[in-house]
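Commentary on secondary and tertiary structure
Residues per chain are reported as follows:
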Amino acid sequence: MKHVLESVESQFEMFQILNEDGKIVNKDDMPDLSDEELKELMRRMVYTRILDQRSIALNRQGRLGFYAPTAGQEASQLGSQFALEKDDFILPGYRDVPQLIWQGLPLYQAFLFSRGHFHGNQMPEGVNALSPQIIIGAQYVQTAGVALGIKKRGRKAVAVTYTGDGGTSQGDFYEGINFAGAYKAPALFFVQNNYFAISVPVEKQTNAKTLAQKAVAAGIEGIQVDGMDVLAVYAVTKHSRDRAINGEGPTLIETLTYRYGPHTMAGDDPTRYRTEDLDNEWEKKDPLVRFRTFLEEKGIWSEEEENKVIEEAKNEIKQAIKKADEYPKQKVTDFIENMFEELPHNLQEQMEEYKEKESK
Amino acid sequence: MAQMTMIQAITDAMRTELKNDENVLVFGEDVGQNGGVFRATEGLQDEFGEERVFDTPLAESGIGGLAVGLALEGFRPVPEIQFFGFVYEVMDSISGQLARMRYRSGGHHTAPVTIRSPFGGGVHTPELHADSLEGLIAQQPGIKVVIPSNPYDAKGLLISAIRDNDPVLFLEHMKLYRSFREEVPEEEYTVEIGKAEVKREGTDVTLISYGAMVHASLKAAEELEKDGVSAEVIDLRTVSPIDIDTIIESVKKTNHVVVVQEAQRQAGVSANVVAEIQERAILHLEAPVLRVTAPDTVYSFSAAEEVWLPNHNDIVEKVNTVLNF
């Protein structure tokens, strides 16, 4: 009797381009990015780190609502989004607001999403995306559908979705990758493995050594990538996107990453389930630090440049919060309006009732 | 005009809309070459090709997710859930996702999806095939729930459902699939969603029901007529939203009401009908509104369905109680 698990698992090795010291360890796979593009990637990571810091502060002041911190995951989030085109369709999880922002969701709308205002979910024209999914894994089965739709339309695009390590335990995870595989649909399934699903460590989620290997069961490509290495994430995304568009099917991409902060700002205390040593170990792998080293050694990035981005981010955040503050408050009649194309009898009555209440 | 069974009328409705709108897609378990386990999609794959009518892997949540995603790409999906007892596997896609799409996105995205599914007792299926679970979905704002009682309505309502720009759950009572034929126009027509129909006019009591229980109610009305009782029978046809106006108009005429449903009593559609009547027409009532339902047990083991399901005798008995109050 032949046992294959060990040999299958040993095939999954972490893909990396830039090591922790900012040195290129894999020249062959270095993506073809101009200096301007490399700087833009850095700019976005710095900007997003500042946005995270400000969002946490605003949340503590009671000026933001639901917020899932992103620091530590910038390379996974932004490296992947950077390889996408406008025609691609993003189905994010709730920590994946940065990808929406860089795909074109205005910052003030991201703040309105956090506050629980539906305008935060109204994607502007040309931004192909859903608002962040709350049910873990639901976006995976939907992505199979969007990808099949893209294939049926003959569009040269992909459907892209994100979940975390915990998400891979859901039935929808398997159904999503299996459906997309069965239809050879152009989908990219990202698993941002930050090692903890709120508090439960990934070792307790599964006996699988890697999450990428779960692709094998669905008969699709799977790859594990250093999620703190923005160049590696970009390269893997670009490669998988090209394959998907060429009709070669979906890919499951596991990015190894870490969230420095709590699960969300609603009372999670990571010291209950993570050690300081572990935090320190991961901060040494920081995506911004290593990419900054790489760019500085190339002579295309400086402290001055970085400070400019920080100032720009702080300014824009301030403006966006102001705009979010000024945006009209929601009314129950808005909600009723958004239920159906034509209001049925019960909602017509309730519309009249609330119109009267709101006129007082 | 042709004589059609309800299943033929349903196939005809899908064929009509597959022809009318290239965005219509029909999919589910065994719906392709096999034509569905009840043959509802018989011949459709041959006629419209595998791009339009196709099999899915065996996973209801996946089918629901596929419908959500295809709708986002501008298609008009018509997925089949093979038996509605399997709805628990796809509850999130229906109630958590499709029904909320327009609301959640502030009108930016819509979900013009029609979920078709067989349900209903009396055909001796294994467990979790026959349950009347319309109340589960009727409680979810954002999706309509339609249940035809005859071939003519089935075709017209299904065409309306597929053309609707919001999600519709279309429940097909298995016992009605082939129990009788009636004249159904071969050309296209629609029956309005959210509109009940007075199936039989009467003056003494109103029987309100839907699905297979419409036929039990009509049979009860015939029996009652022999005793000189004139019963009006209303077929709701849509259980969410409910056509209040048709109900109230009848209540004002007969002043006596019995609501009939195949589902168990607790928390269902009939309770909602009773609540609406007492809120809007209590002074027109000469007796409490009573209900005929299945008991609040888990759905019957199949060998005992006859004693578990409500029938026309139960209805006659309740009508007599109401009239003698």
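Residues numbered from 1 in each chain as written. Chains lettered and ligands numbered in written order. Predicted model: local features only at pLDDT ≥ 70, side-chain atom pairs only at ≥ 80, totals over all residues. Heavy atoms only, no water.

Residues and elements named next belong to chain A. The strand order across the open sheet built from five strands is β1-β2-β3-β7-β6, with neighbouring strands paired in parallel fashion. Two strands close off the open sheet at either side, each with one partner strand: β1 (89–91) and β6 (221–226). Ignoring strand direction, the axes of neighbouring strands in this sheet form an average angle of 20°. Relative to strand β2 (residues 159–164), β1 runs parallel, the two sharing three bridges. (Pairing = 2+ DSSP bridges. Helix = DSSP H or I, 4+ residues; strand = E, 2+ residues; numbered from the N terminus. Axes fitted to C-alpha atoms, helices over the stretch in contact; angles between N-to-C directions.)

Let us now look at the sheet that holds strand β13 (residues 257–264) of chain B. Residue and element names in this part refer to chain B. Overall, mixed pairing links the five strands, which are arranged β9-β11-β10-β13-β14 in an open sheet. Two strands in the sheet have a free side with no partner beyond their single neighbour: β9 (197–200) and β14 (290–294). Sheet twist, expressed as the mean angle between neighbouring strand axes with direction ignored, is 25°. Pairing of β13 with β14 involves four bridges; the strand directions are parallel. Bridged to Val258 within β14 is Leu290.

It is common to report an interface's size as the accessible area lost on association of the parts. As far as domains go, chain A holds domain 1 (2–329) and domain 2 (331–360). Using C-alpha coordinates to define each centre, domain 1 of chain A is positioned 38 Å away from domain 2 of chain A. (Domains from an automatic or database assignment.)

Our focus in this paragraph is the pairing of strand β10 (residues 205–209) of chain B. All names here are of chain B. Burial analysis of β10 places five of its five residues in the buried class, the great majority of the element. Residues Val205, Leu207 and Ser209 of β10 are buried on one face, and the alternating residues Thr206 and Ile208, pointing to the opposite face, are buried as well. Where β10 lies against strand β11 (residues 231–235), five bridges are found, and the strand directions are parallel. Bridge assignment links Ile208 to a residue of β11, and that residue is Ile234. (Buried < 20%, exposed > 50% of the residue type's maximum accessible area, 1.4 Å probe, protein only.)

Residues annotated by UniProt as "domain: Transketolase-like pyrimidine-binding" (unreviewed entry) correspond here to residues 4–179 of chain B. What you have in residues 4–179 of chain B is 35% helix and 16% strand, and the ends, taken at the C-alpha atoms, are 11 Å apart. (UniProt positions renumbered as here; feature names shortened; annotations may be inferred.)

With that settled, the discussion passes to the side chain of His129 of chain B. All names here are of chain B. Residue position: His129 is located in the loop between β5 (114–119) and α6 (134–138). In this structure the side chain of His129 is engaged in a polar contact, spanning 3.4 Å, whose partner is the backbone oxygen of Pro126. Only 2.9 Å separates the side chain of His129 from the backbone oxygen of Glu127, close enough to count as a polar contact. Residues contacting His129, with those up to four places away along its chain left out, are Phe83, Phe84, Gly85, Phe86, Pro118, Phe119 and Met174. (Polar contact = N/O pair within 3.5 Å; in protein donor to acceptor, adjacent residues only side chain to side chain. Contact = heavy atoms within 4.5 Å.)

This brings us to the side chain of Gln103 of chain A. Here Gln103 of chain A shows up in helix α4 (residues 97–103). Beyond its immediate stretch of four places on either side in the chain, Gln103 of chain A contacts Gln81, Leu84, Glu85, Lys86, Asp88, Ile90 and Val127 of chain A.

It is worth spelling out the UniProt feature "coiled-coil region" (unreviewed entry) in chain A at this point. Those residues carrying the UniProt feature "coiled-coil region" (unreviewed entry) are residues 303–330 of chain A in this numbering. For residues 303–330 of chain A, the helix share is 86%, the strand share is 0%, and the end-to-end C-alpha distance is 43 Å.

We now examine empty space enclosed by the protein. One way to see where empty space is left: roll a probe the size of a water molecule over the atoms. All names here are of chain A. Inspection of every chain in the model, using the stated rule, returns five cavities of 30 Å³ or more. Approximately 170 Å³ is the volume attributed to the largest cavity. Taken together, 20 residues make up the lining of the largest cavity; nearest its centre are Leu51, Ser55, Tyr67, Val97 and Ala110. Of all the secondary structure elements, the ones that give two or more residues to the lining of the largest cavity are α2 (35–60), α4 and α5 (107–115). (1 Å grid on protein atoms, 1.4 Å probe; cavity = no way out; pocket = protein on both sides within 12 Å on 5 of 7 lines; lining within 4 Å. Points joined across faces, edges and corners; volume = space filled by probe spheres on them.)

Turning to a negative patch on the surface, a few remarks are in order. Residues Glu20, Asp21, Glu276, Asp277 and Glu281 of chain A make up a contiguous surface patch of negative charge. Structurally, Glu20 of chain A is set in the loop between α1 (5–10) and α2. (Patch = residues over 30% accessible without salt bridge, like charges linked within 9 Å, V, L, I, M, F, W, Y side chains within 5 Å. Areas by Shrake-Rupley, 256 points an atom, 1.4 Å probe, with all protein chains shown as cover. Salt bridge = Lys/Arg side-chain N within 4 Å of Asp/Glu carboxyl O. Lys, Arg positive; Asp, Glu negative; His and termini not counted. Charge placed at Lys NZ, Arg CZ, Asp CG, Glu CD.)

Let us now look at helix α12 (residues 312–323) of chain B. Residue and element names in this part refer to chain B. Look at α12: 16 Å from first C-alpha to last across 12 residues, which is about the 16 Å you get at 1.5 Å a residue. His312, Ile315, Val316, Val319 and Val322 are the residues of α12 that are buried. Along the long axis of α12, the arc covered by the buried residues comes to 125°, so they all point the same way. Check the buried side of α12 and you find it contacts β10, α8 (213–226), β13 and β14. Measuring from the side-chain oxygen of the N-cap residue of α12 to the backbone nitrogen of Asn313 gives 2.9 Å; that N-cap residue is Asn311. (Expected span 1.5 Å × (residues − 1). Arc of directions from axis to C-beta.)

Another point: the interface of chain A and chain B. Counting residues at the interface gives 39 residues for chain A, matched by 42 residues for chain B. Both faces combined, the contact of chain A with chain B buries some 3400 Å², and carbon together with sulfur accounts for 58% of it. Sorting the residues of chain A by area buried against chain B places Lys152, Arg153 and Phe179 of chain A first, and these three jointly supply 19% of that buried surface. The tally of links between chain A and chain B comes to three salt bridges. Glu73 of chain B serves as the salt-bridge partner of Arg155 of chain A, at 2.7 Å between the closest nitrogen and oxygen. Taken together, the links from chain A to chain B amount to 20 residue pairs in polar contact (both at pLDDT 80 or more). The set of elements that each furnish at least two residues to the side of chain A that touches chain B consists of α6 (138–153), α7 (171–182) and α14 (345–359) of chain A. Residue classes in the side of chain A that touches chain B are distributed as 20 nonpolar, 11 polar and eight charged. (Buried area = accessible area lost by both parts, 1.4 Å probe. Nonpolar A, V, L, I, M, F, W, Y, C, P; charged D, E, K, R; others polar.)

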